[in-house]
Structures are given as C-alpha cells and as structure tokens.
Amino acid sequence: MALSRFWGLFPIHIALLLGFCFAEDPFVFYDFEVSYITASPLGVPQQVIAINNKFPGPTINATTNNNVVVNVRNKLDESLLIHWSGIQQRRSSWQDGLPGTNCPIPAKWNWTYQFQVKDQIGSFFYFPSLHFQRAAGGFGGFIINNRDIIPIPFDTPDGDITILIGDWYTRNHTALRKALDGGKELGMPDGVLINGKGPYRYNNTLVPDGIEYETINVHPGKTYRLRVHNVGISTSLNFRIQSHNLLLAETEGSYTVQQNYTSLDIHVGQSYSFLLTTDQNASTDYYIVASARFVNESQWKRVTGVAILRYSNSKGKAAGPFPDPPQDEYDKTFSMNQARSIRWNVSASGARPNPQGSFRYGSINVTEIFVLKNKPPVTIDGKRRTTLSGISFVNSATPIRLADQFKVKGVYKLDFPNRPLTGPPKMETSVINGTYRGFMEVILQNNDTKVQTYHMSGYAFFVVGMDYGDWSENSQGTYNKWDGIARTTTQVYPGAWTAILISLDNVGVWNLRTENLDSWYLGQETYVRVVNPEATNKTELPMPDNALYCGALGKLQKPQDISLATSITGSRSKLFFMVLMIASALFLLSR
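Described below are features of the structure shown in this document. Bear in mind that the values here come from a model prediction, so they are computed numbers and not experimental data. Throughout this description, residue numbers start from 1 for each chain and increase along the sequence as written. In keeping with the model being predicted, local features are shown solely for residues with a pLDDT of at least 70 and side-chain atom pairs are shown and tallied solely at 80 or more, while totals for entire chains, interfaces and linings include all residues. Side-chain numbers here rest on the full set of heavy atoms in the structure, without hydrogens or water.

**Details of the overall build of the protein**
Thought 1: Helix and strand counts for the protein stand at 6 helices and 33 strands.
Thought 2: Computation of the radius of gyration draws on C-alpha atoms alone. For the globule rule, the value is 2.2 Å times the number of residues to the power 0.38. For 591 residues, the compact-globule estimate of 2.2 N^0.38 gives 25 Å, and the C-alpha radius of gyration of the protein, at 25 Å, lies within 12% of that figure.
Thought 3: Overall, the C-alpha framework of the protein stretches about 90 × 65 × 50 Å when taken along its three principal axes.
Thought 4: Partly exposed residues are those whose accessible area sits between 20% and 50% of the maximum for their type, while under 20% is buried and over 50% is exposed, using a 1.4 Å probe and protein chains only. By residue count, 56% of the 591 residues in the protein fall in the buried class.
Thought 5: A contact between two residues is defined here by any heavy atoms of the two lying within 4.5 Å. If you take every contact in the protein between residues at least 6 apart in sequence, the share linking residues at least 24 apart comes to 78%. Strands here mean DSSP runs of E at least two residues long; helices mean DSSP runs of H or I at least four residues long; both are numbered from the N terminus.

And the structure:
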C-alpha cells in the first residue's frame with residue numbers, strides 16, 4: 001500500500017528531483033558544420049568557409065549566464081579552431097579557441113565547445129582563428145541578451161539586426177597566406193562585404209552587373225537595434241546610413257552614453273550597437289555604406305561596401321550621392337576625438353543589477369605597467385615578421401595552457417619585457433607573467449603607418465587615454481578615470497598610443513593581439529598568463545574531459561576521437577539515466 005502510494009506520487013518526486021538538478025543556468029545548443037562552399041560575393045567565384053552551408057554563419061543568441069554548447073564538425077581539409085571574440089570565458093581559457101589554449105580540431109573531426117557567458121551582455125562575434133581562415137569567412141554574430149530582471153537603458157527595440165562588414169579579397173585564404181609567407185604584402189582589398197554580399201550597383205564602372213547585395217527591410221516609425229561588427233582583415237571602415245542618424249548605445253558588452261553620430265569609424269575586430277529610428281519619408285530606399293578609412297580615397301573607391309535600407313512603404317530605388325564620409329584628410333584628430341567621445345554609461349545596469357559605474361576603476365592602484373610597441377614589419381632570420389616590443393611571437397606546437405597542466409618544460413618563456421627591447425628583434429614564445437588580482441596598465445604604442453586594433457581575451461579593459469606622439473608617465477595625467485569605456489578591442493592610431501587598464505581577476509592564459517589579420521599572422525601578439533597560487537576550481541574550472549592533445553602531449557590523444565559531449569552534458573545525462581533506473585526498479589518492486 002505504502003509502495004503503491006509512493007508510486008502514485010512518483011511523477012511528482014521525479015519532477016521535483018529533475019527540477020532541482022536542472023535548476024542551474026539554462027543551456028543553448030548549436031551544431032556547426034564547417035565546410036568550404038563556392039561563392040561569388042564580388043562577382044568572382046571563390047572558395048569561402050561556410051557554417052551549416054551558410055556564409056556568413058548563423059548568429060548565436062544567448063542570455064546572460066547561459067551555458068553555450070557548440071558542437072563543431074570540421075569538414076575542411078585543414079585543422080580548425082573557433083574563437084569567440086569578446087566572450088570572457090570566465091574561469092575557462094580552455095574554451096577560448098586559440099592556439100595558446102587549445103589544440104586544433106583536426107580535419108574531419110568533431111569537437112564540442114562548452115562555456116558559460118557569465119555576467120556578460122552585448123554584441124560580439126566568432127571566427128576561425130587558425131591558418132588565416134578568417135579571410136575566407138567562417139564568422140558570425142554572437143548576441144548576449146540581458147536577463148528579464150535587468151532593465152536595458154532604452155526602450156525595447158522593434159527589431160534586432162546583425163550587420164557584418166569587412167574588407168575582402170577574391171584570392172582564397174590559402175593564396176593570401178602564401179603571399180605573407182613569401183614576404184609579400186597583401187595589397188589593396190578587392191572590396192568590402194556587408195553580410196557576406198558585395199555592393200549594390202551604385203556605379204556601373206566600379207560595380208559589375210549581377211552582384212548580390214544585402215537589403216535590410218524595415219517598417220516606418222520603428223526603432224531597430226543594429227549590431228555592426230568589422231570582421232575584416234586590416235581595413236578600418238566608416239559606417240553610415242543615408243539620411244539617418246546612428247544613436248550609439250552599446251559596444252562589446254558595455255552600455256555607452258547615448259550619442260548620435262552621422263557616421264562612425266569601426267576598426268578591425270570592433271563591434272557597436274546603434275539604435276536606428278526609421279523616421280524618414282521613404283521617398284526612396286537609402287544607402288548603407290561602409291567605406292575604407294585612412295587611405296587614398298581616390299585609389300580605394302572600389303573598397304566600399306553598399307547595402308540598401310528599404311522601408312516597407314518605399315517609393316523607389318536609392319538615389320543621390322552617398323552620405324558624406326568624414327572630411328578629415330588633413331585633420332588626423334577627427335577620428336581620435338570621435339573615439340574619445342565614446343564613454344561608459346555609469347548609471348546603466350549591465351549584466352548585473354548594480355550600475356556599471358559602481359566598479360570605480362579610477363581609484364584602483366596600478367600594480368604593473370607594460371609598454372607594448374609595434375613597428376612596421378622587419379626581417380628576422382630571413383623571414384618578414386611583425387613584432388610587439390621587439391618580439392615576434394611563435395606559437396608552440398603544445399598550447400601554453402596544456403603545457404602548464406602537464407608541467408611540460410620549455411614550451412614558452414615567462415619573460416615578456418615591461419618595456420620594448422632595445423636590441424635586435426627576435427622570434428620567441430614569450431609570455432607576460434600577470435599577477436592574479438593585480439591591476440595592469442598597458443600602453444599600446446603604434447609606430448607603424450596604419451591603424452592597429454588590439455584585442456585581449458578573457459577581459460573587458462578600460463580605455464582611459466589616447467593621443468599622438470610617444471607615451472610618457474606624464475601622459476597618465478590625461479587619463480579618463482571615471483567613464484572610460486570598458487570593451488575588448490581598441491584602436492591605436494599610427495604614430496600614437498592608447499592606454500588601457502585591466503583587472504586581472506580571470507585565471508587562465510589570455511591572448512593579447514593585434515586584430516589586423518596580416519600583422520597577427522606574422523607574429524604581433526603575446527599571451528598573459530594569470531595563475532592563482534592557490535589552485536581551486538572556484539577560480540579555474542578543470543580541464544574539460546574532451547580536451548585534445550597535441551605537440552609534446554600528442555601521444556595522449558586517442559585516434560579518431562569524435563567528441564560529441566562534454567563533461568557537464570555528460571553528467572546531466574548520467575543523472576537522468578540514474579533517475580530512470582530508480583524509476584524502473586521501483587516499478588518492478590511494485591508489481
């Protein structure tokens with residue numbers, strides 16, 4: 001009787017048990033089949049990298065604290081890693097998808113990423129990080145929405161639109177890679193793509209007939225959130241929409257002071273959210289333009305992406321001249337002043353209920369200063385290389401984080417200098433020794449002739465200053481110590497410096513690199529190693545069960561390892577199986 005009564009209540013017990021077991025933050029699942037397809041975005045058939053047969057790839061849509069699971073099937077003919085640019089990978093650099101943290105996914109293999117988007121909101125993107133593959137595609141947007149309990153600092157938009165812009169070559173990524181390996185420059189790009197498509201035919205001479213272009217469809221009297229990402233190779237782009245203002249609202253996980261721009265410079269690797277109000281009379285469609293910056297514009301006219309903004313009540317095709325780009329050919333301060341105007345919204349809540357500005361970065365004492373200087377490419381041991389503080393980084397066959405885990409010696413040197421080397425440049429695997437819970441000041445000094453953008457994995461840093469000339473300690477007096485924007489990628493203008501502050505509270509091995517793909521490929525990067533001297537799972541998660549092995553640890557790798565599950569999803573399956581076994585046993589006893 002008692003057993004039959006229990007059995008009658010068993011569904012409730014099961015529901016309560018499963019509810020308890022699955023009460024942690026929700027999971028979102030994606031399958032990525034990465035392969036080559038043939039496309040002609042600029043009218044020339046070429047090999048591009050698609051995800052699920054689409055170019056660009058799908059947008060990942062998650063909410064703060066979600067667990068994201070992405071099963072990657074590598075159908076390329078070379079190894080692959082996917083990097084989640086701007087996703088901080090709290091406590092788990094194992095999932096960062098870079099050669100300093102992960103062994104590559106071999107051709108024809110599967111591997112599953114699993115990570116939590118802990119305490120983050122905002123607009124990001126992902127891309128393949130090996131072998132110059134980003135030049136062939138494989139990229140897509142990554143949205144982290146606020147939880148419902150956290151208000152956003154603007155009315156809920158009527159739509160959410162991802163726009164991927166970037167310079168593009170009609171040569172395959174393998175040919176571009178071969179050119180760089182041969183000591184050559186890539187030269188002027190062949191065009192600019194918007195969401196993987198070529199330009200609208202605004203000029204019959206510059207744009208051939210038959211090119212597919214992007215159209216953004218909207219309704220009048222609405223407000224849309226545009227998430228714009230520069231996923232290109234090395235060209236800064238100015239983004240603008242004919243007859244419309246762009247109200248800046250967020251960049252790379254931080255809400256900004258809301259300001260209207262008629263156009264904004266978006267540098268390689270950067271992401272911005274704009275609020276676009278469709279308040280025009282729709283007498284025609286409107287041009288969306290992304291054009292090359294800091295170049296000879298008369299020679300670079302073809303390096304212009306053009307899409308169409310179409311109202312549902314539009315009365316005709318886009319017409320008239322493009323919206324004007326910045327008229328600053330002889331004013332090098334315009335773009336820098338625009339960058340300085342992007343400020344942190346200190347009163348808005350981000351991923352947590354407390355205001356963003358409650359983290360008072362300006363009152364924290366700096367514990368270490370690094371001045372990182374880049375120069376034009378140099379020749380080292382007969383090879384054309386780029387450098388950071390005189391060191392051209394060489395990726396080891398054994399990832400740095402994996403070498404630490406297994407105490408493999410000689411993989412890297414923990415000796416990256418605080419100041420640029422004064423001797424001849426050298427090629428090394430030299431890493432910054434970061435102090436856990438330290439507060440690091442990094443000065444990025446660009447002595448090259450083109451804009452560089454720098455990205456750091458694992459963190460959002462505070463952009464506190466930038467100016468032309470050489471940085472000195474006197475420059476610290478100009479820093480913005482109240483509402484400097486917190487972001488993951490910042491520009492450094494040629495002949496100028498940018499200063500950033502980083503709170504080193506995320507244990508792991510984190511990449512610090514230029515986002516200019518050609519310079520990155522040739523060695524302009526390093527890693528910051530942050531170790532908690534007291535090893536604990538509270539500050540770093542264990543190595544995942546499905547970790548790949550390579551280099552000095554390659555003998556540990558099982559052949560034909562097709563990883564379809566990770567430790568957490570596996571443990572959830574085991575728990576569910578255990579509950580089913582208990583149910584079966586009780587059912588048999590009750591008969």
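Next, the rest of the story.
**With respect to helix 3 (residues 333-340)**
Thought 1: The set of residues buried in helix 3 consists of Ser335, Met336, Gln338 and Ala339. Viewed end-on, helix 3 has its buried residues packed into an arc of 155°, placing them on one side of the element.
Thought 2: Those residues of helix 3 that are buried lie in contact with strand 15 (254-261), strand 16 (264-266), strand 28 (461-468), strand 30 (489-492) and strand 31 (496-503). An arc is given here, and it is the one of the directions from the helix axis to the C-beta atoms.

**Description of the sheet that holds strand 5 (residues 82-85)**
By definition, the strands of a sheet pair up through backbone hydrogen bonds, in either a parallel or an antiparallel sense.
Thought 1: Only strands joined by at least two bridges in the DSSP assignment are considered to pair. Ordered by their spatial adjacency, 4 strands build an open sheet running 3-8-7-5, and the pairing between neighbours is mixed. Edge positions in the open sheet fall to strand 3 (60-63) and strand 5, since each of these has one partner strand only. Looking at each pair of strands side by side, their axes are set apart by 20° on average, direction ignored.
Thought 2: Where strand 3 and strand 8 (residues 140-145) come together, 4 bridges link them in parallel fashion. Within strand 8, the position partnered with Thr63 by the bridge is Asn145. Structural elements are reduced to axes, namely lines fitted to C-alpha atoms, with helices fitted over the stretch in contact, and the angle between N-to-C directions of any two is expressed from 0 to 180 degrees.

**Concerning the environment of Val44**
Thought 1: Considering the arrangement of structural elements, one finds Val44 in the loop between strand 1 (27-39) and strand 2 (46-51).
Thought 2: A relative accessible area of 38% means that Val44 is categorised as partly exposed.
Thought 3: Residues Val44 and Gly196, spaced 152 residues apart in sequence, show a C-alpha to C-alpha distance of 13 Å.
Thought 4: Excluding its chain neighbours within four sequence positions, the residues that come into contact with Val44 are Ala39 and Thr170.

**Points about the packing of aromatic side chains**
Thought 1: Whether two aromatic rings pair depends on their centres lying within 6.5 Å, for rings of Phe, Tyr and Trp, where Trp uses its six-membered ring; planes under 30 degrees apart make the pair stacked, over 60 edge-to-face, and the rest tilted. Per the counting criterion, the structure on display carries 32 aromatic pairs.
Thought 2: Consider the rings of Tyr361 and Phe462, whose centres lie 4.3 Å apart with planes at 15°: the pair is stacked. One end of the pair, Tyr361, is in the loop between helix 3 and strand 20 (368-374); the other, Phe462, is in strand 28, and 101 residues separate them in sequence.
Thought 3: Aromatic rings pair up to connect Phe32, Trp84, Trp111, Tyr113, Phe115, Tyr126 and Phe142 into one cluster.
Thought 4: Only Lys NZ and Arg CZ are tested; either one counts as a charge over a ring when it is within 6 Å of the ring centre and within 35 degrees of the ring normal. Directly above the aromatic system of Phe127 lies the positively charged group of Arg134, at a separation of 4.8 Å from the ring centroid.

**Topic: the sheet that holds strand 26 (residues 439-446)**
Thought 1: Pairing is mixed in the open sheet, where 5 strands are placed in the order 20-26-31-28-29. In this open sheet, the two edge strands, each paired with only one partner strand, are strand 20 and strand 29 (486-487).
Thought 2: By the bridge criterion, 7 bridges tie strand 20 to strand 26 in an arrangement that is parallel. Looking at the pairing, Val371 lines up with Ile443 of strand 26.
Thought 3: Taken strand by strand, helix 3 contacts strand 28 and strand 31, and its axis lies near 155° from that of strand 28.

**A few points about the pairing of strand 9 (residues 159-168)**
Thought 1: For strand 9, the buried fraction is high: 9 of the 10 residues fall into the buried class.
Thought 2: In this structure, strand 9 lies alongside strand 12 (residues 223-230), joined through 7 bridges in parallel fashion. Its bridge partner lying in strand 12, Leu164 is registered against His229.
Thought 3: Of the strand pairs in this sheet, strand 9 and strand 10 (residues 191-194) are connected by 4 bridges, and their pairing is antiparallel. The residue of strand 10 that forms the bridge with Ile165 is Ile194.

**A look at the nonpolar core**
Thought 1: To define a nonpolar core, start from buried Ala, Val, Leu, Ile, Met, Phe, Trp, Tyr and Cys residues and group those joined through side-chain atoms within 4.5 Å. Membership of the largest hydrophobic core comes to 77 residues, with the highest contact counts inside it found for Ile165, Phe239, Phe274 and Leu309.
Thought 2: With 6 residues, strand 31 is the single largest residue contributor to this core.
Thought 3: Apart from residues lying up to four places away in sequence, Ile165 is in contact with Leu193, Ile194, Val228, His229, Asn230, Val231, Gly232, Leu237, Phe239, Ile266 and Ala290.

**As for unusual backbone geometry**
Thought 1: Omega for the peptide link from Phe55 to Pro56 comes to -5°, which places this bond in the cis form.
Thought 2: By the secondary structure assignment, Pro56 is in the loop between strand 2 and strand 3.
Thought 3: For His131, which is not a glycine, the phi torsion comes out positive at approximately 55°.
Thought 4: Mapped onto the elements, His131 comes out in the loop between strand 7 (122-128) and strand 8.
Thought 5: In the Ramachandran plot, Asp381 falls in the positive-phi region, its phi being about 50° despite a non-glycine side chain.
Thought 6: Given a relative accessible area of 73%, Asp381 falls into the exposed group.

**Looking at the state of the cysteines**
As used here, a disulfide is simply a covalent bond connecting the sulfur atoms of two cysteines.
Thought 1: Note on disulfides: each one is a pair of cysteine sulfur atoms within 2.5 Å. In total, this model carries 1 disulfide according to the counting rule given.
Thought 2: The partner cysteine of Cys103 in its disulfide is Cys550, sulfur to sulfur 2.1 Å. Measuring the twist about the S-S bond at about -85°, one finds the Cys103-Cys550 disulfide to be left-handed. In this pair, Cys103 sits in the loop between strand 5 and strand 6 (110-116) while Cys550 sits in the loop between strand 33 (525-531) and helix 6 (567-590), placing the two residues 447 residues apart along the sequence.
Thought 3: Take Cys103: its relative accessible area is 6%, and that puts it in the buried class.

**Here we look at the pattern of salt bridges**
Thought 1: Whenever Lys or Arg places a side-chain nitrogen within 4 Å of a carboxyl oxygen from Asp or Glu, that contact is recorded as a salt bridge. Under the defined criterion, the tally for this structure stands at 26 salt bridges.
Thought 2: Note that Arg487 is salt-bridged to Glu252, the shortest N-O span being 2.9 Å. Taken as a pair, Arg487 in strand 29 and Glu252 in the loop between strand 14 (246-251) and strand 15 lie far apart in primary sequence, 235 residues in all.
Thought 3: Exposure remark for Arg487: the relative accessible area of 3% places this residue in the buried category.
Thought 4: On the accessibility criterion, Glu252 (3% relative accessible area) is buried.
Thought 5: Several salt bridges share partner residues, and in doing so they unite Asp31, Glu33, Arg73 and Lys75 into one network.

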